[in-house]
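For reference, the chains in residue letters:
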Amino acid sequence: MSSLTLQQLLQRRAGFLAAIRQFFAQRGVLEVDTPILASYSATDPFLDSFDLSAAPDTERRYLLTSPEHAMKRLLAGGSGPIYQLGKVFRRGEFGQRHNPEFTLLEWYRPGWSLSDIRQELTDLLQTLGLPSEAREYPYRELFRTYLGIDPLLCDAASLRQAATDAGLTFHSEPETRDDWLDLLMSHLIEPRLPSEGAAFVSGYPASQASLAEVTEDVDGQQLAARFELYINGVEVANAYQELTDAEELARRFATDNARRQALGLPVIPEDTRLLESLGAMPPGAGIAVGFDRLLMLATGSHCLADVMPFAWDAI
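Read on for an overview of the structure.

Definitions and limits used
Residues numbered from 1 in each chain as written. Predicted model: local features only at pLDDT ≥ 70, side-chain atom pairs only at ≥ 80, totals over all residues. Heavy atoms only, no water. Pairing = 2+ DSSP bridges. Helix = DSSP H or I, 4+ residues; strand = E, 2+ residues; numbered from the N terminus. Contact = heavy atoms within 4.5 Å. Axes fitted to C-alpha atoms, helices over the stretch in contact; angles between N-to-C directions. Salt bridge = Lys/Arg side-chain N within 4 Å of Asp/Glu carboxyl O. Buried < 20%, exposed > 50% of the residue type's maximum accessible area, 1.4 Å probe, protein only. Core = buried A, V, L, I, M, F, W, Y, C linked by side-chain atoms within 4.5 Å.

As a general point, the strands of a sheet are linked pairwise by backbone hydrogen bonds and lie either parallel or antiparallel. The strand order across the open sheet built from 8 strands is β1-β5-β6-β13-β12-β11-β8-β7, with neighbouring strands paired in mixed fashion. The sheet is open, and its two edges are formed by β1 (30-31) and β7 (134-138), each paired on a single side. Two elements, strand β5 (residues 82-89) and strand β6 (residues 101-110), share 8 bridges in a ladder whose sense is antiparallel. Each residue of the ladder has a partner; that of isoleucine 82, found in β6, is tyrosine 108. Sitting on the sheet, helix α9 (residues 291-298) touches β5, β6, β11 (226-231), β12 (234-241) and β13 (284-290), and the angle it makes with β12 is about 140 degrees.

Have a look at this one:
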């Protein structure tokens, strides 16, 4: 249970929201408000959207897992730097650090690099009184250091062996190489990140690029141009050097949906409007930050429900 009274909780949330809005207002970043219902959703097989269609012949609408697509269409239309603070929805995600409905802070900076937006994130954390001095941990080096394997070169069998050697047990085995990497990352590496302070993890495999660009490291290995931020061992942010190639994005949508079919998951309609506008979107960086997780860390709480006026099982 949270040590905050209801009034204290509401005051802290209001203060956090106000501080974030003031931070971006001072920097000339415009707040926008996009729909939470759409005819598309995230195709990522690991994100489960709420499908609000009442029947097969009903016009399909999803509660969005992120405002990303709509915000990118605004960028393509010439919005300039923008941010959004609003509700998003992810079905089936309920636990100590998850709630199916939560508040997400997302912002985009045309013309910026990942290092630029990382500095701005650091400035925001300082403003909110959260740990901001961070060490960077390359994804590849984390696997080499803690598991003795190269995540960019080893095959699924080697990853399975690493999991077995570490004593991991699982009811059903992961099916793909990326599934194994995710399992090892979440169960064996994330717990070894600093339990106090901030840590950036960068250099993810290109197969985990999602909507980020792909780049190369000094060895010529392809990497996703993205980073994640952990504070006190809790993942709070995910940033991309944004992909602006519509053909590549369409290919990734198709790959995601093929994976969804293989897993017996519903296929998500392709967001054709985003694909049509992506060519006009300026290059830049974007980031999504879990607002409730930031507040949880700032208040010293251990459960997301402690900083929400109404958690999933209370409404």
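This part covers the sheet that holds strand β4 (residues 62-63). Reading across the sheet, the 3 strands line up as β2-β4-β3 and stay open at both edges, with antiparallel pairing between neighbours. Because the sheet does not close on itself, it has two edges, and the strands there are β2 (37-38) and β3 (50-51). Bridge analysis of β3 against β4 gives 2 bridges, and the strand direction is antiparallel. Bridge assignment links phenylalanine 50 to a residue of β4, and that residue is leucine 63.

A few words on the pattern of salt bridges. What the rule picks out here adds up to 20 salt bridges. For the salt bridge of glutamate 136 with arginine 118, the shortest nitrogen-to-oxygen distance reads 2.7 Å. On the criterion of sequence distance, the pair formed by glutamate 136 in strand β7 and arginine 118 in helix α3 (residues 114-127) is long-range, its members being 18 residues apart. Assessed through its relative accessible area of 37%, glutamate 136 is described here as partly exposed. The closest approach of N and O atoms between arginine 259 and aspartate 179, which form a salt bridge, is 2.4 Å. Note that arginine 259 is positioned in helix α7 (residues 246-262) and aspartate 179 in helix α6 (residues 177-189), a separation of 80 residues in sequence.

Our next topic: the nonpolar core. By size, the foremost hydrophobic cluster in this structure holds 41 residues, and its most contacted members are Leu105, Trp107, Leu121, Leu229, Ile287 and Leu294. Those residues in contact with leucine 229, other than ones at most four positions away along the chain, are Leu121, Leu125, Ala198, Ala199, Phe200, Val234, Glu235, Val236 and Ala237. Ranked by size, the runner-up nonpolar core spans 25 residues in total, among them Ala163, Met185, Leu188 and Ile189.

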